[in-house]
Amino acid sequence: MSVLEIRDLHVTVETEAGTTPILNGINLTMNTGETHAIMGPNGSGKSTLAYTIAGHPKYTVTSGSITFDGQDVLEMSVDERARAGLFLAMQYPVEISGVTVTNFLRTAKTALDGEAPAIRGWTKDVKAAMSNLRMDPKFAQRNVNEGFSGGEKKRHEILQLEVLKPKFAILDETDSGLDVDALKIVSEGVNRAKESTGLGVLLITHYTRILRYIRPDFVHVVVAGKIVEEGGPELADRLENEGYDRFLDPAAPIEA
């Protein structure tokens with residue numbers, strides 16, 4: 001079992017108004033095999049948490065720690081974090097001109113493992129994953145995300161997850177822009193990856209609809225850069241009915 005541990009994490013970002021605090025003391029412990037949902041209103045710091053774990057240079061950690069099996073994640077470069085087993089599915093996947101999906105995936109797998117995968121087995125695995133995600137085989141020869149629809153980009157993110165086999169997957173609003181059918185297909189891909197590898201999933205979302213397909217073990221509500229409430233799947237169901245108003249009203253009591 002691997003453990004990802006975040007302790008009293010404070011993060012800032014530079015804006016036109018100057019240095020702005022975004023995360024204000026996040027505490028979270030994840031084990032492989034667990035699914036944690038991070039929920040909260042817009043601007044609460046959910047995506048900042050994802051990008052900070054992944055090592056985005058835009059965000060500055062001012063205090064606190066992130067450790068992965070006791071190793072200091074904050075001292076790792078972005079590629080070292082990936083090789084250690086951290087994976088980020090981005091909310092807005094970028095286009096990479098001149099790099100085909102096939103070359104991208106194989107190059108990434110080679111960088112992670114230190115050696116190129118055997119062609120026959122690798123090709124079989126990629127084709128099977130694409131088939132499960134209802135991706136046209138022609139996508140393998142297209143440039144990464146170039147001309148892809150929103151749903152196709154998200155399926156490609158989950159394709160990476162399935163074939164690269166990380167220990168922890170951070171899914172930043174993977175449900176955004178997906179219709180019902182695409183949401184179900186993407187969710188099934190996440191569930192397959194978890195079942196086959198036992199990875200831990202940190203699922204960041206505004207809404208509960210994806211949680212109907214990817215059932216969380218733990219739900220954490222983030223408001224103003226802090227976790228203000230935690231619980232099990234029942235908390236997500238409560239948020240579906242009540243929304244976030246009680247967390248945003250200064251007069252409303254917040255449960256610890």
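Check the entry above for the structure.
Rules used throughout
- Residues numbered from 1 in each chain as written.
- Predicted model: local features only at pLDDT ≥ 70, side-chain atom pairs only at ≥ 80, totals over all residues.
- Heavy atoms only, no water.
- Helix = DSSP H or I, 4+ residues; strand = E, 2+ residues; numbered from the N terminus.
- Expected span 1.5 Å × (residues − 1).
- Buried < 20%, exposed > 50% of the residue type's maximum accessible area, 1.4 Å probe, protein only.
- Arc of directions from axis to C-beta.
- Phe/Tyr/Trp six-rings, centres within 6.5 Å; stacked < 30°, edge-to-face > 60°.
- Pairing = 2+ DSSP bridges.
- Axes fitted to C-alpha atoms, helices over the stretch in contact; angles between N-to-C directions.
- Contact = heavy atoms within 4.5 Å.

The next thing to look at is helix 3 (residues 101-113). Spanning 13 residues, helix 3 covers 18 Å between terminal C-alpha atoms, matching the ideal 18 Å at 1.5 Å per step. Buried within helix 3 are the following residues: Val101, Leu105, Ala108 and Lys109. Down the axis of helix 3, the smallest arc covering the buried residues is 100 degrees, so these residues share one side. Immediately beyond the C-terminal end of helix 3, within one or two residues, lies Gly114, with a positive phi of roughly 85 degrees.

Enumeration over the complete set of coordinates arrives at three aromatic pairs. Here Phe68 and Phe168 contribute two aromatic rings whose centre-to-centre distance is 5.4 Å and whose plane-to-plane angle is 75 degrees, an arrangement assigned as edge-to-face. On the criterion of sequence distance, the pair formed by Phe68 in strand 4 (residues 59-68) and Phe168 in strand 9 (residues 168-172) is long-range, its members being 100 residues apart. Neither Phe68 nor Phe168 differs from the other in exposure class; each is buried. An angle of 85 degrees between the planes, with centres 4.9 Å apart, marks the rings of Phe139 and Phe148 as edge-to-face.

The strand order 6-9-10-3-11-12 describes an open sheet built from six strands, whose pairing is mixed. Of all the strands in the sheet, just strand 6 (86-89) and strand 12 (226-231) have a single pairing partner and so form its edges. Adjacent strand axes in the sheet meet at a mean angle of 20 degrees when their direction is disregarded. Note: strand 6 against strand 9, four bridges, orientation parallel. From the neighbouring strand, Phe87 faces strand 9, where its bridge partner is Ala169. Strands strand 6 and strand 9 of the sheet are contacted by helix 5 (residues 150-164), whose axis makes an angle of about 165 degrees with strand 6.

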